[in-house]
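These are the residues of each chain, in order.
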Amino acid sequence: MKELYEILEVPGMLTQNEVEYLYRLGQINSGKGVIVEIGSWKGKSTISLARSSIAAGGEKVYAVDPHKPLAEEGYFEDTEAEFRKNIKEAGVEACVVPMVMTSEAAAKGWNQPIRLLWIDGDHRYEQVRQDFLLWEPHVIEGGIIAMHDTIRKKGPKRVLWESIFRSDRFQGISIVDNITAAKKVKRASVLGKLAKWLTIGFRAVYIAARKMRLPYAKPVGRWILRRLTT
Ligand SMILES: C[S@@+](CC[C@H](N)C(=O)[O-])C[C@H]1O[C@@H](n2cnc3c(N)ncnc32)[C@H](O)[C@@H]1O
């Protein structure tokens, strides 16, 4: 799809599979809530989500990011101007609401239902946990929570395990490269739990194989996880 290939030219950390996957997630539950993004940087994921939302029904994407340097996480520049420029050039300005502030500040007084929550902000454990705890209550039943860096970074991995994998409120786990997404439900079904633990089991094997540097562990594991879960 031409418009998705253009997004790959925007600086950012997402793979092509991840850009395409966010585009798919952005169309689920259209009409039932907005999309919230924690961590926009220069707008790559924002553009994928906004293009997707426009194609589905046009609900806003709230893009939360202070855009300030954060040396502890490896960000040394103010990215607000470049973010706004990229959003404008991509033609999605009208669909995006930039919230130039921290996730904590943006959550104060928030009262809109969220159909997709995308967490890709500060990856340290306490901060990811806080992002999850502040925003998850606003996600509708049947809504999706997607998190980035869930294979290689300790903070998102731990929150994923504690708050999503071990919770009966989530099923339908899907893993595309470094994104893990899950559907919020009232209570996971027996089949839902079985499928979830099968996926989690395979994910554990994949991570171990990567750590052992087994040949082809990364491409083969990623391929199987995508087939298994999406
Ligand atoms: C990995 S980057 C986001 C990448 C972006 N999603 C993309 O696809 O290109 C992480 C971003 O999180 C932002 N960030 C750091 N702390 C934050 C906080 N407390 N609330 C919201 N965003 C935060 C940083 O400013 C940075 O731009």
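Please refer to the structure placed before this passage.
Notes on the structure follow. Note that the structure is a prediction, hence the values are computed from the model and not measured. (Residues numbered from 1 in each chain as written. Predicted model: local features only at pLDDT ≥ 70, side-chain atom pairs only at ≥ 80, totals over all residues. Heavy atoms only, no water.)

1. Thoughts on the overall build of the chain
Stage number 1. If you tally the helices and strands in the chain, you get nine helices and seven strands.
Stage number 2. For 230 residues, the compact-globule estimate of 2.2 N^0.38 gives 17 Å, and the chain sits close to it at 17 Å.
Stage number 3. Dimensions of the chain, computed from the C-alpha atoms along their principal axes, are close to 40 × 40 × 35 Å.
Stage number 4. Sorting the 230 residues of the chain into buried and exposed places 51% on the buried side.
Stage number 5. Considering only contacts in the chain between residues 6 or more positions apart, those separated by 24 or more positions represent 73%. (Helix = DSSP H or I, 4+ residues; strand = E, 2+ residues; numbered from the N terminus. Rg over C-alpha atoms; globule rule 2.2 N^0.38 Å. Buried < 20%, exposed > 50% of the residue type's maximum accessible area, 1.4 Å probe, protein only. Contact = heavy atoms within 4.5 Å.)

2. Quick look at the packing of aromatic side chains
Stage number 1. Evaluation of the coordinates by the stated rule reveals five aromatic pairs.
Stage number 2. Each ring, one from W161 and one from W197, has its centre 5.8 Å from the other, and the planes form 85°; the classification is edge-to-face. Here W161, found in helix α7 (residues 154–165), pairs with W197, found in helix α8 (residues 190–211); they are 36 residues apart in sequence, far enough to count as distant.
Stage number 3. Judged by its relative accessible area of 38%, W161 falls in the partly exposed class.
Stage number 4. Residue classification places W197 among the partly exposed positions, given a relative accessible area of 40%.
Stage number 5. Put simply, the rings of Y62, W110 and W135 touch in pairs and so form one group of aromatic residues.
Stage number 6. Against the face of W41 rests K42, its NZ or CZ located 4.6 Å from the ring centre.
Stage number 7. One cation-aromatic arrangement involves R158 over Y125; the distance from NZ or CZ to the ring centre is 3.7 Å. (Phe/Tyr/Trp six-rings, centres within 6.5 Å; stacked < 30°, edge-to-face > 60°. Lys NZ or Arg CZ within 6 Å of the ring centre and 35° of its normal.)

3. Remarks on the environment of Y125
Stage number 1. Among the secondary structure elements, Y125 is positioned in helix α6 (residues 125–135).
Stage number 2. Assessed through its relative accessible area of 18%, Y125 is described here as buried.
Stage number 3. Residues Y125 and V159 lie 34 residues apart in sequence; the distance between their C-alpha atoms is 7.0 Å.
Stage number 4. Apart from the residues within four sequence positions on either side, Y125 is in contact with G155, R158, V159 and E162.
Stage number 5. Engagement of the side chain of Y125 in a polar contact is seen with the side chain of E162, the distance being 2.7 Å. (Polar contact = N/O pair within 3.5 Å; in protein donor to acceptor, adjacent residues only side chain to side chain.)

4. Overview of empty space enclosed by the protein
Stage number 1. Counted by the stated rule, this structure contains one cavity of 30 Å³ or more.
Stage number 2. Within this model, the largest cavity holds a volume of roughly 40 Å³.
Stage number 3. Taken together, I119, G121, D122, H123, V128, D131, M147, H148 and P156 make up the full set of residues lining the largest cavity.
Stage number 4. Partitioning the lining of the largest cavity into residue classes produces four nonpolar, three polar and two charged. (1 Å grid on protein atoms, 1.4 Å probe; cavity = no way out; pocket = protein on both sides within 12 Å on 5 of 7 lines; lining within 4 Å. Points joined across faces, edges and corners; volume = space filled by probe spheres on them. Nonpolar A, V, L, I, M, F, W, Y, C, P; charged D, E, K, R; others polar.)

5. Points about the pattern of salt bridges
Stage number 1. Within this structure, the stated rule accounts for 16 salt bridges.
Stage number 2. As a salt-bridge pair, E80 and R84 come within 2.9 Å of each other at their nearest N and O atoms. You can see E80 and its partner R84 sitting in helix α4 (residues 80–89), four residues apart, about one turn around the helix.
Stage number 3. According to the relative accessible area criterion, R84 is partly exposed, its value standing at 39%.
Stage number 4. One salt bridge connects K85 with E89, and the closest N-O pair in it is separated by 4.0 Å. One end of the pair, K85, and the other, E89, are both in helix α4, four residues apart, so they sit about a helical turn from each other.
Stage number 5. According to the relative accessible area criterion, K85 is partly exposed, its value standing at 43%. (Salt bridge = Lys/Arg side-chain N within 4 Å of Asp/Glu carboxyl O.)

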